[in-house]
Structures are given as structure tokens and as C-alpha cells.
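Tertiary structure, described
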Amino acid sequence: MATVDDEVARLQAENDRLRLALTDFNERIVCGRLTGELPDNFLEQFSQLPDRPLEHVLRFLPARQVVQMRHVSRKFNHLIRKCSKTMPKMKRDGTVVFRNNNAGELTVDWFDDCGSKITTTTTSLAGDEVALSELLRFIRIGGRMFFGEGVSAADEVLDQLSKAWLTVHPEVVIFSSDISHTSQDSLRAFLVKVEPSIRRLNFQNVTNISDSLLSDDVIGAAGRLDGLMVLPMCWGSELRDSNVISDINIGDRTLLAMADAGRVSSYFFVMGCSGITPGGIRAFVEKKWMKKERSQIDANYSGTGWPLELCELTFYKCANVTAAVIEEACGDLLKKETIAGADMFVGENGEMQERVRYTTQCPSSNCRLEILFHYYPFHSHFVNEPRLDDEIDYNYDDDYYDDLDPEFEDEFKAAMADQGRH
């Protein structure tokens, strides 16, 4: 007991000494600025504070000052590294947008759930700027991650976002950028990082996508997805050049993995994926929609069910998947429908064709499967980049559409006009 009493007395004396030092320091702060000199041995005394009050201080420091604090002492460096894993972090559950300009500056814009801008952070991908992983150390990223303008998803960015001490838990990730500086390794590592939380993954209007970037292995790193979109930027001759758009290496394995997704409501929209086969599509239908137990339940079901759950598969300009091929491979499982009100389009043989889809529905679960072969369904799951009103310009003149493939020029114009109205 005597030893315990001595230790309590020592700690009490230490606390009293620190309290006096902090009181003296507080009196020297006028209008948020330090006046005069620091008290003698202040930094030494401050560093002797228990971890808990120091952790509280760290929560209110700007990110760049936290980085500077790591260089004050070994204690602070150790504390900051420990807090990266243990301390509650600032939640950001809206949308974070990454943009990269030609000068190599990376801009990180934060928006709330209503689309209102919260704050902006900037750093550089080169030089002596503070690393992105340091700026995000005490932030919990949720909601949506949007890689927009420039090479915003370059290896340097994805490598920083994959650091072990960061908390990155988005439900939706959208790549809508130039991904010429993105490698398989960095993309796979990033998808492994977000795998516990991600549900939807969109590569929408990406530019400079290499033939080898996407594969079943890379997409599989994201785990079970409820939504996947792969849509390269479709301008001019690039769209019509089969060598450019037919070698994206996503195949049946990725499609069948979505058959195991927990939710029925889902989408799988791909363009130019030569690895998708009619056999894989039939296996998907049989695995997810033709289970024996479901067939028996549907036969005995007479109710109206709850709101419709829709699973959409869209295969646009995929070498091995056409309406005729699906008719032959899955005609006994699916119903062919002509889409009411849809325009005719020019088919592969140059003839005008009707837009069709193949469907099946499970009454007991009120679930519906639709397989389509056109561009327009992609718009239904596009995620728009949040921007301030003064950044948006919807006044597209006719020259803007000169290089757009004529097959979906009208649809694209309508989509842009609708985007402007909303």
C-alpha cells in the first residue's frame, strides 16, 4: 500500500505541475496567437502528458500540422501512428472526388450527401509535398469515391490510398478518368483495400484503358459486387475499331461471381469484353434463376410480392454475345421481348434491327432478369461527378458531337440534356 500511495502522490504532483505549465501557456495566447516566449521546458512537459489528452488534441489539428507533429519527437510520431488505428476518425460519407491537372497537382474535393461542397485539399504527386496518405490519416472515407479529371487514378494515388493505416470504406467507386498511368498491381491492391465495403464498381467513360488492365483476377479482388460497369470512352473511330474495344479481359468468371451476390437487384454492364461467352450467360441464368427449389416455390405462388428486384445484364459490342447467340444458347430459359417505344438501330450486318431483350421472372421473390445489347441502359447507372454550379456547362454545341458514333448520338444528346435539367 505504501508503494501505491507513493506512486499516486507522484502522479498527482506531476499533474499539478503540468496544469500550472498549461495555465501559464494559456495566458500567453491572445486571439488565437501565442505572445511572448514558451515557458521553460514546455515542450518536454507537454510531451509527458498521457496519450489520451494528446489524442484529443490531434483530432482538432489540420492534417498538415499532424504531419509536422510527427517530427517533434519520437513520442509524437509513435502516438500518431498508433492513433491511426485506434482513434475514432472524422467521417466523410458523402462523395470524395479526385482530380489531377496537367501540372501534377492532385485536388481532393469533399461533398456531403446532398452534394454540397465541404472542403478541398490539394497536394502534389511529385516533389516534397505532404503525401496523400498523411493528409487522410484521421479521416474515414465512406460513401462514394470518384476518380475524375486527368490521371487521378494513377499508381501514385492508388498506392497512397492503399496504405494500411488509412480507413477507406466506400460503397461505390467510380473511375471516370484517364487510366493510362494505372497498373494492374496498384488497381488490384486498391480493390483489396476497399473489398469489405464496396458494392458497386464503375469504369464509366474511362480513357486510355489498356487491354491488360482489367481481368477476372483484378475485378475479383473487389469481392462480391452488386454492380459492375465497364464502358470505355466511345468517340469516333475508337468505338468502331474492334481492336480497341474487344480485348478487355473480363470473362465468365466475373459474371458468375455476381450470381453469388447477396442481393438480387444488381447490374452487369460491359462493353467490348470478348471473354463473355453464351455458355457463361446460360450458367449465370441457371445458377441464379433456375434453382429447383425456386421453381417449386414459383409453381405454388399466387401473391403479388414486394417491390420488383431487377437484375440487368447489358452486353454492348461484345464479340461473342449478340441477340441471335443468346436466342440459340438460352432461348429455352428466357423470353424474348421487343422494347416498346425504342428506336431501330443499325446492326452488325448494316441492316436496321429492333431493340430486343431477353427476360425471366420469379414470382415468389418478385425478381426479374433482363439481358440487353444496347448502349442506352448504361445511363441508368451512371454516377455523375458532383460539381459546384459555376463549374458545370451543359451548353454542348454541334461540333461537340462530330466524333460521336452515330449509333447512339441521339441517345447521348438526350442523356446530356436530361443531366442538365437535373
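To keep things clear, this report deals only with the structure shown in the data block. (Residues numbered from 1 in each chain as written. Predicted model: local features only at pLDDT ≥ 70, side-chain atom pairs only at ≥ 80, totals over all residues. Heavy atoms only, no water.)

Here we look at the overall build of the protein chain
A tally of regular secondary structure across the protein chain gives 16 helices and 21 strands. The buried share among the 422 residues of the protein chain stands at 44%. Summarising the internal contacts of the protein chain: among those between residues at least 6 apart in sequence, 75% fall at separations of at least 24. Total accessible area computed for the protein chain in this model is approximately 22100 Å², and 49% of it derives from carbon and sulfur atoms. (Helix = DSSP H or I, 4+ residues; strand = E, 2+ residues; numbered from the N terminus. Buried < 20%, exposed > 50% of the residue type's maximum accessible area, 1.4 Å probe, protein only. Contact = heavy atoms within 4.5 Å. Areas by Shrake-Rupley, 256 points an atom, 1.4 Å probe, with all protein chains shown as cover.)

A closer look at the state of the cysteines
Per the counting criterion, the structure on display carries zero disulfides. In this model C273 remains outside any disulfide bridge; the closest cysteine sulfur is found in C318, 5.1 Å from its own. (Disulfide = S-S within 2.5 Å.)

Concerning the environment of A257
As for its position among the elements, A257 is in helix α12 (residues 252-258). When the C-alpha positions of A257 and G220 are compared, they lie 8.0 Å apart, and in sequence the two are 37 residues distant.

Here's the deal with the sheet that holds strand β9 (residues 167-168)
With parallel pairing, the three strands of this open sheet are ordered in space as β3-β7-β9. Of all strands in the sheet, those with a lone pairing partner are β3 (90-92) and β9, marking the two edges. (Pairing = 2+ DSSP bridges.)

Brief notes about the pattern of salt bridges
Tallying each qualifying case throughout the model produces 13 salt bridges. Close ionic contact of D109 with K117 constitutes a salt bridge, the shortest N to O distance being 3.4 Å. Overall, the relative accessible area of 2% leaves D109 in the buried class. In this structure, E370 engages R368 in a salt bridge whose closest nitrogen and oxygen atoms are separated by 2.8 Å. Here E370 falls in the buried class, since its relative accessible area comes to 10%. Residue class for R368 comes out buried when judged on its relative accessible area of 12%. Residues joined by salt bridges that share partners form a network here, namely R99, D109, K117 and E385. (Salt bridge = Lys/Arg side-chain N within 4 Å of Asp/Glu carboxyl O.)

Re helix α8 (residues 184-194)
Side chains of residues three or four places apart in an α-helix project in the same direction, reflecting 3.6 residues per turn. Where α8 is concerned, the buried positions are S186, L187, F190, L191, K193 and V194. Seen along its axis, α8 keeps its buried residues to an arc of 155°; they face one direction. Its buried side turned inward, α8 meets β8 (144-147), α7 (155-161), β9, β10 (172-175), β11 (200-206) and α9 (216-220). (Arc of directions from axis to C-beta.)

Brief notes about the sheet that holds strand β20 (residues 356-362)
Taking strand neighbours across the sheet as the criterion, the twelve strands line up as β6-β5-β4-β8-β10-β11-β12-β14-β16-β21-β20-β17 in an open arrangement whose pairing is mixed. Of all the strands in the sheet, just β6 (117-124) and β17 (335-338) have a single pairing partner and so form its edges. Looking at each pair of strands side by side, their axes are set apart by 15° on average, direction ignored. Those strands touched by α8 are β8, β10 and β11, and its axis lies near 160° from that of β10. (Axes fitted to C-alpha atoms, helices over the stretch in contact; angles between N-to-C directions.)

Overview of the side chain of D252
Structurally, D252 can be placed in helix α12. As a buried residue without a salt bridge, D252 has its nearest oppositely charged side chain in R253, at a separation of 11 Å. Apart from the residues within four sequence positions on either side, D252 is in contact with D216, G275, I276, T277 and G280. (Lys, Arg positive; Asp, Glu negative; His and termini not counted.)

Quick look at unusual backbone geometry
Its identity as a non-glycine residue notwithstanding, N205 has a phi of 55°, on the positive side. Mapped onto the fold, N205 is located in strand β11. Residue classification places N205 among the buried residues on the basis of a relative accessible area of 15%. Although it is not a glycine, K317 adopts a positive phi angle of roughly 55°. Position of K317 among the secondary structure elements: in the loop between β16 (309-316) and α15 (323-330).

Some remarks on the packing of helix α3 (residues 51-58) against helix α5 (residues 74-86)
Remark: α3 packs on α5, axes separated minimally by 11 Å, with the N-to-C direction vectors making an angle of 70°. Looking at the two axes, α3 sits roughly perpendicular to α5. Residue-level inspection shows D51, L54, E55 and L58 of α3 in contact with α5, the latter providing K75, F76, L79, I80, K82 and C83. Its residues assigned to classes, the contact of α3 with α5 shows six nonpolar, no polar and four charged. (Parallel < 35°, antiparallel > 145°, perpendicular 65-115°, else oblique. Nonpolar A, V, L, I, M, F, W, Y, C, P; charged D, E, K, R; others polar.)

Points about the environment of K287
Turning to its location among the elements, K287 is positioned in helix α13 (residues 278-289). Residue classification places K287 among the partly exposed residues on the basis of a relative accessible area of 35%. Expressed as a C-alpha distance, the spacing of K287 and A259, which sit 28 residues apart in the sequence, is 6.8 Å. Sequence-distant contacts of K287, that is, excluding residues within four places in its chain, are made with L256, A259 and D260.

In short, geometric facts, not functional conclusions.
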